[in-house]
Amino acid sequence: MKGRIKTEYGEVTVNSDVIATYAGSVAVGCFGIVGMAAISMKDGLVHLLKKDSLKYGINVKIDGNKISLVLHCIVSYGVNLTAMTDNLVESVRYKVEQFTGMTIEHIDIMIDGIRVID
């Protein structure tokens, strides 16, 4: 699915993979987020994604000029989940809206794992 933005110079098309990669890079920069998660279909285990494959931990749905995101995260042990998710939503919303020029309709956060950070 691709987002389309009309400007005075023409039309810009943004691929959903680009939005997912950018949202993932913003998310891992937020306090309390260890990384993005992917669930293995074969064994059902949650795996921490590397920096080059962050887009696999994010589902992007584009409807016209609106984006919906589902973030699958692994969080740090002992973090206040309410504060962490509020910060995550606001950061991702602001940066993705600035990056794409489109509006974020809603962001869902799925916490798929907890890691102890030394």
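**Q** Outline helix α2 (residues 81-100), supporting the account with residue identities and numerical values.
**A** For α2, spanning 20 residues, the distance from its first C-alpha to its last is 28 Å, which sits close to the expected 28 Å at 1.5 Å a residue. Every buried residue of α2 is accounted for by M84, T85, L88, V89, S91, V92, V96 and T100. Contacts made by the buried residues of α2 are with β1 (2-7), α1 (16-27), β3 (33-39), β6 (66-76) and β7 (103-115). The opening residue of α2 is N80, an N-cap whose side-chain oxygen sits 3.1 Å from the backbone nitrogen of T82. Downstream of α2 by a residue or two, G101 has a phi angle that is positive, lying close to 80°.

**Q** Give me the lowdown on the pattern of salt bridges, citing residues and values where you can.
**A** Should the charged atoms of two oppositely charged side chains come close, the side chains can pair. Applying the stated criterion across every chain yields a total of one salt bridge. Notably, a salt bridge pairs D17 with K55, separated by 3.7 Å at the nearest N-O pair. Remark: K55 occurs in the loop between β4 (46-48) and β5 (58-63) and D17 occurs in helix α1; sequence separation between them is 38 residues. Its relative accessible area of 37% is what places D17 among the partly exposed residues.

**Q** Report on the pairing of β6, specifying residues and quantitative values.
**A** Counting buried residues along β6, 10 of its 11 residues qualify, which places the element largely inside the surrounding structure. Direction of pairing for β3 relative to β6: antiparallel, over a ladder of three bridges. For M36, the partnering residue across the bridge sits in β6 and is C73. Pairing geometry for β5 and β6, over six bridges, is antiparallel. When the sheet's bridge partners are listed, I62 is paired in β6 with I67. Following β5, the chain reverses through two residues before pairing antiparallel with β6; G64 in that reversal takes a positive phi of roughly 70°. The β-α-β motif built from β6, the intervening α2 and the parallel element β7 has right-handed crossover chirality.

**Q** Summarise the pairing of β1; cite the residues concerned and give the values.
**A** With six bridges connecting them, β1 and strand β2 (residues 10-15) associate as antiparallel partners. The partner of K2 across the bridge, within β2, is N15. Taken together, β1 and the strand that follows it, β2, pair antiparallel across an intervening segment of two residues.

Thresholds, definitions, all that
Residues numbered from 1 in each chain as written. Predicted model: local features only at pLDDT ≥ 70, side-chain atom pairs only at ≥ 80, totals over all residues. Heavy atoms only, no water. Helix = DSSP H or I, 4+ residues; strand = E, 2+ residues; numbered from the N terminus. Expected span 1.5 Å × (residues − 1). Buried < 20%, exposed > 50% of the residue type's maximum accessible area, 1.4 Å probe, protein only. Contact = heavy atoms within 4.5 Å. Polar contact = N/O pair within 3.5 Å; in protein donor to acceptor, adjacent residues only side chain to side chain. Salt bridge = Lys/Arg side-chain N within 4 Å of Asp/Glu carboxyl O. Pairing = 2+ DSSP bridges. Right-handed = clockwise from strand over helix to strand, strands pointing away.

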